[in-house]
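# Inside the fold
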Amino acid sequence: MEMIKIKFKKIFLYILIIFVSFLVITAFYFNRYKFSGVNTIKYKMISIEHETDINEIALKFSDNTTRSKFISEVEKINNMDSLEYIPGNSVLIVPILEYE
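Anyway, here's the lowdown on the structure attached to this text. (Residues numbered from 1 in each chain as written. Predicted model: local features only at pLDDT ≥ 70, side-chain atom pairs only at ≥ 80, totals over all residues. Heavy atoms only, no water.)

### As for the overall build of the protein chain
Within the protein chain, the regular secondary structure consists of four helices and four strands. Secondary structure elements in the protein chain, listed N-terminal to C-terminal, are α-α-β-β-α-α-β-β. The C-alpha radius of gyration of the protein chain comes to 22 Å, more than 25% above the 13 Å expected for a compact globule of 100 residues. For the C-alpha atoms alone, the extent of the protein chain along its principal axes is close to 75 × 30 × 20 Å. The buried share among the 100 residues of the protein chain stands at 25%. (Helix = DSSP H or I, 4+ residues; strand = E, 2+ residues; numbered from the N terminus. Rg over C-alpha atoms; globule rule 2.2 N^0.38 Å. Buried < 20%, exposed > 50% of the residue type's maximum accessible area, 1.4 Å probe, protein only.)

Shown next, in the form of structure tokens:
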């Protein structure tokens, strides 16, 4: 009986270690931009005259490695849910990103 308790405790401990390890890895993955050395150094206001795709703006102000961070920052700063197309005659605040 005592041997079964010890085995159960070991199995529970291993499962707990695997679960916590999974949570830690997941947390690092979802916060990888905080560890990548990419920082926002300033913000810039731009005016959009015609309906524009967000990827066109991302090409002008970011590179391939910072494009997803750029788009998420623009969505957050401008309080927009979806930025697939930006309507014409609008003002947009965009971040200027820099590597450390």
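### What to know about the nonpolar core
If you look at the biggest cluster of nonpolar residues, it comprises 13 residues, and the most contacted ones within it are Ile57, Phe70, Leu92 and Val94. If you list the elements that add at least two residues to this core, you get β1 (38–48), α3 (54–61), α4 (67–77) and β4 (90–99). Leaving out residues up to four positions away in the same chain, Leu92 has contacts with Lys44, Met45, Ile46, Ile48, Ile57, Val74, Asn78, Met80 and Ile86. (Core = buried A, V, L, I, M, F, W, Y, C linked by side-chain atoms within 4.5 Å. Contact = heavy atoms within 4.5 Å.)

### Describing the environment of Ile57
Locating Ile57 in the fold gives a position in helix α3. Ile57 sits in the buried class, given a relative accessible area of 4%. Spatially, the C-alpha atoms of Ile57 and Val94 are 9.0 Å apart, while their sequence positions differ by 37 residues. Setting aside anything within four residues of it in sequence, one finds Ile57 in contact with Ile46, Ile48, Thr52, Phe70, Ile86, Leu92 and Val94.

### With respect to the packing of aromatic side chains
Across all of its chains, the model carries two aromatic pairs by this definition. Between Tyr29 and Phe30 the ring centres are 5.4 Å apart and the planes differ by 70°, which places this aromatic pair in the edge-to-face class. (Phe/Tyr/Trp six-rings, centres within 6.5 Å; stacked < 30°, edge-to-face > 60°.)

### Digging into α3
For α3, the complete set of buried residues consists of Ile54, Ile57 and Ala58. Projection of α3 onto a plane perpendicular to its axis shows the buried side chains occupying an angular sector of 100°, all on one side. Exposed side chains of α3 directed beyond 90 degrees from the buried face belong to Leu59 and Lys60. Of the surrounding elements, those touching the buried residues of α3 are β1, β2 (52–53), α4, β3 (85–86) and β4. (Arc of directions from axis to C-beta.)

### Looking at the pattern of salt bridges
Applying the stated criterion across every chain, the model contains one salt bridge. Lys69 is the partner of Glu73 in a salt bridge, and the nearest nitrogen-oxygen pair spans 4.0 Å. Of this pair, Glu73 and Lys69 both sit in helix α4, four residues apart, which is roughly one turn of that helix. Lys69 shares its class with Glu73; the two are buried. (Salt bridge = Lys/Arg side-chain N within 4 Å of Asp/Glu carboxyl O.)

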